[in-house]
Amino acid sequence: MSGYNTKQKKLMLAYLGEHPDEPLSARQIAYALQREHISISTVYRNLADLENEAKIRRCTKSGTQEAFYEYIAADHCKDVVHMKCVKCGRTFHMTEQNAAMLAELLAQNEQFGLDRNNTVLYGTCSQCKGS
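In this text, all values refer to a predicted model and were calculated from it rather than measured experimentally. (Residues numbered from 1 in each chain as written. Predicted model: local features only at pLDDT ≥ 70, side-chain atom pairs only at ≥ 80, totals over all residues. Heavy atoms only, no water.)

As for the overall build of the chain
Looking only at helices and strands, the chain has five helices and six strands in total. Mapped from its N terminus to its C terminus, the chain presents α and β elements in the order α-β-α-α-β-β-β-β-α-β-α. When the backbone C-alpha atoms are referred to their principal axes, the chain occupies close to 50 × 40 × 25 Å. For the chain, with 131 residues in total, the buried portion stands at 34%. (Helix = DSSP H or I, 4+ residues; strand = E, 2+ residues; numbered from the N terminus. Buried < 20%, exposed > 50% of the residue type's maximum accessible area, 1.4 Å probe, protein only.)

Below is the structure:
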């Protein structure tokens, strides 16, 4: 079924596109799309396809083993470094200037080329640090 654009897959992709950088579980997605008669097994099957197509990223939240999925195919997510808060689960984009400096430092000091599309830095956001 991979590669096919079924009605269910299009509906899921549209829903995920409305929630960029927001980690959503398969259950949350199925619940949101229940009016469209999309079952949890259909959600899982399509999530696997979308992950293989590099349109979503699978991640976890601190304190849970449940998988969450984030839409990453949006134009604003291209060639950016993501920063993910391990407490609240929110995802942020690193500024272009900081991402360029990080990539340059890694290239010069570590002889390592940074893949911005697949890089996620984990830490604590300013809101969670203050609480």
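A closer look at the pattern of salt bridges
The full count for this structure, using the stated rule, is six salt bridges. With its nearest N and O atoms 3.5 Å apart, the salt bridge here joins Lys-55 to Glu-53. Lys-55 sits in the partly exposed class, given a relative accessible area of 25%. A residue is classified by how much of its surface remains accessible, and Glu-53, at 25% relative accessible area, is partly exposed. Across the salt bridge formed by Glu-70 and Lys-84, the nearest N and O atoms sit 2.9 Å from each other. Of this pair, Glu-70 sits in strand S3 (residues 67–71) while Lys-84 sits in strand S4 (residues 82–85), and the two are 14 residues apart along the sequence. Overall, Lys-84 belongs to the buried group, its relative accessible area being 4%. Salt bridges sharing partners connect three or more residues here, namely Lys-9, Glu-53 and Lys-55. (Salt bridge = Lys/Arg side-chain N within 4 Å of Asp/Glu carboxyl O.)

Quick look at the nonpolar core
Met-12, Leu-16, Ile-29, Leu-33, Val-43, Leu-47 and Ile-56 are the most contacted members of the largest nonpolar core, which totals 15 residues. Taken together, the elements giving at least two residues each to this core come down to helix H1 (7–17), helix H2 (26–32), helix H3 (40–52) and S3. Discounting residues that sit within four places of it in the chain, Ile-29 has contacts with Met-12, Tyr-15, Leu-16, Leu-24, Val-43 and Leu-47. (Core = buried A, V, L, I, M, F, W, Y, C linked by side-chain atoms within 4.5 Å. Contact = heavy atoms within 4.5 Å.)

What to know about the sheet that holds strand S6 (residues 120–123)
Here three strands make up an open sheet; going across it, the order is S5-S4-S6 and the pairing mixed. If you trace the sheet from one side to the other, it starts and ends with strand S5 (91–93) and S6, each paired once. Going across the sheet, the axis of each strand differs from the next one's by a mean of 30°, ignoring polarity. (Pairing = 2+ DSSP bridges. Axes fitted to C-alpha atoms, helices over the stretch in contact; angles between N-to-C directions.)

Digging into unusual backbone geometry
Backbone geometry places His-37, a non-glycine residue, at a positive phi of 60°. If you trace the backbone, His-37 turns up in the loop between H2 and H3. A positive phi angle, close to 50°, is found at Gln-111, a residue other than glycine. Considering the arrangement of structural elements, one finds Gln-111 in the loop between helix H4 (96–110) and S6.

Quick word on the side chain of Asn-46
Mapped onto the secondary structure, Asn-46 falls in helix H3. When residues no more than four places from it in sequence are discounted, the contact partners of Asn-46 are Thr-6, Gln-8, Lys-9 and Met-12.

Description of the environment of Glu-18
Summarising the element assignment, Glu-18 is placed in the loop between H1 and strand S1 (24–25). Residue Glu-18 is classed as exposed on the basis of its relative accessible area of 58%. Residues Glu-18 and Tyr-71, 53 residues apart in the sequence, show an inter-C-alpha distance of 8.8 Å.

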